[in-house]
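Residue-level structural notes
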Amino acid sequence: MPKQKSNRAAAKRFGISGSGKATRGHSGLRHGMIGKRRTRKRRLRGSSLVADADQARVLRLLGKR
């Protein structure tokens, strides 16, 4: 039986947390930084969890479920 392949586009955008949930980066940090306040840019750093409604779909794309 062949190996399962994860969706490569999804693998570049999402990660897996230690507890097994999907994580994502925040949007809005690619361009247009001059027009955004410093505090807004600071809040957008780091990662957060994928919404509960989308968890199963993202994990399936990553080959975890």
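Within each chain, residue numbers correspond to sequence positions counted from 1 in written order. Thresholds applied to this predicted model are a pLDDT of at least 70 for local features of residues and 80 or more for the giving and counting of side-chain atom pairs; totals over whole chains, interfaces and linings are not thresholded and use all residues. For side-chain calculations, the full set of non-hydrogen atoms in the structure is used, while hydrogens and water are omitted.

On to the pattern of salt bridges, then. Any Lys or Arg side-chain nitrogen located within 4 Å of an Asp or Glu carboxyl oxygen qualifies as a salt bridge. Under the criterion given, the structure shown has one salt bridge. Its salt-bridge partner being Arg57, residue Asp54 comes within 2.7 Å of it at the nearest N-O pair. In this pair, Asp54 and Arg57 are both assigned in helix H3 (residues 52-61), three residues apart and thus about one turn of the helix distant. A helix here means a DSSP run of H or I that spans at least four residues, while a strand means a run of E at least two residues long, and both kinds are numbered starting from the N terminus.

Another point: the environment of Gly25. Within the secondary structure, Gly25 is located in strand S2 (residues 22-25). Along the sequence, Gly25 and Ser47 sit 22 residues apart, while their C-alpha atoms lie 4.5 Å from each other. Every residue in contact with Gly25, bar those within four places of it in the chain, is listed here: Arg13 and Gly46. Whether two residues touch is decided by their heavy atoms; if any such pair falls within 4.5 Å, the residues are in contact.

This part takes up the sheet that holds strand S3 (residues 47-49). If DSSP finds at least two bridges between two strands, the strands pair. Reading across from one edge, S1-S2-S3 is the order of the three strands in this open sheet, with antiparallel pairing throughout. Bordering the open sheet on either side are strand S1 (14-16) and S3, each of which pairs with just one other strand. Here the average twist between neighbouring strands, direction ignored, is 40 degrees. Where S1 and S2 come together, three bridges link them in antiparallel fashion. When the sheet's bridge partners are listed, Gly15 is paired in S2 with Thr23. Working convention: axes come from line fits to C-alpha atoms, limited for helices to the stretch in contact. Angles between N-to-C directions cover 0 to 180 degrees.

This brings us to the side chain of Thr23. Among the secondary structure elements, Thr23 is positioned in strand S2. Look at Thr23 and you get buried, because its relative accessible area is 17%. In contact with Thr23, not counting residues within four places along its chain, are Arg13, Phe14, Gly15, Ile16, Ser17, Ser48, Leu49 and Val50. Accessibility here uses a 1.4 Å probe with only protein chains present; expressed as a share of the type maximum, an area under 20% marks a residue as buried, one over 50% as exposed, and anything in between as partly exposed.

Quick look at the nonpolar core now. Ala10, Ala22, Val50, Val58, Leu59 and Leu62 together form the largest nonpolar core, which totals six residues. Those residues in contact with Leu59 that sit more than four places away from it in its chain are Ile16, Gly20, Ala22, Lys64 and Arg65. Residues grouped as a nonpolar core are buried Ala, Val, Leu, Ile, Met, Phe, Trp, Tyr and Cys residues, joined through side-chain atoms within 4.5 Å.

Time to look at a positive patch on the surface. There is a patch of like positive charges on the surface, built from Arg38, Arg40, Arg42, Arg43 and Arg45. Turning to its location among the elements, Arg45 is positioned in the loop between helix H2 (38-43) and S3. Taking the relative accessible area as the measure of exposure, Arg45 reaches 59% and is therefore exposed. Only residues whose relative accessible area exceeds 30% and that form no salt bridge enter a patch; like-charged residues are grouped when within 9 Å of one another, and nonpolar side chains (Val, Leu, Ile, Met, Phe, Trp, Tyr) when within 5 Å. Accessible surface area values rest on a Shrake-Rupley calculation with a 1.4 Å probe, where residue burial reflects the displayed protein chains alone. Counting rule for charge: Lys and Arg are taken as positive, Asp and Glu as negative, and neither His nor the chain ends is counted. Here the site of a charge means atom NZ of a Lys, CZ of an Arg, CG of an Asp or CD of a Glu.

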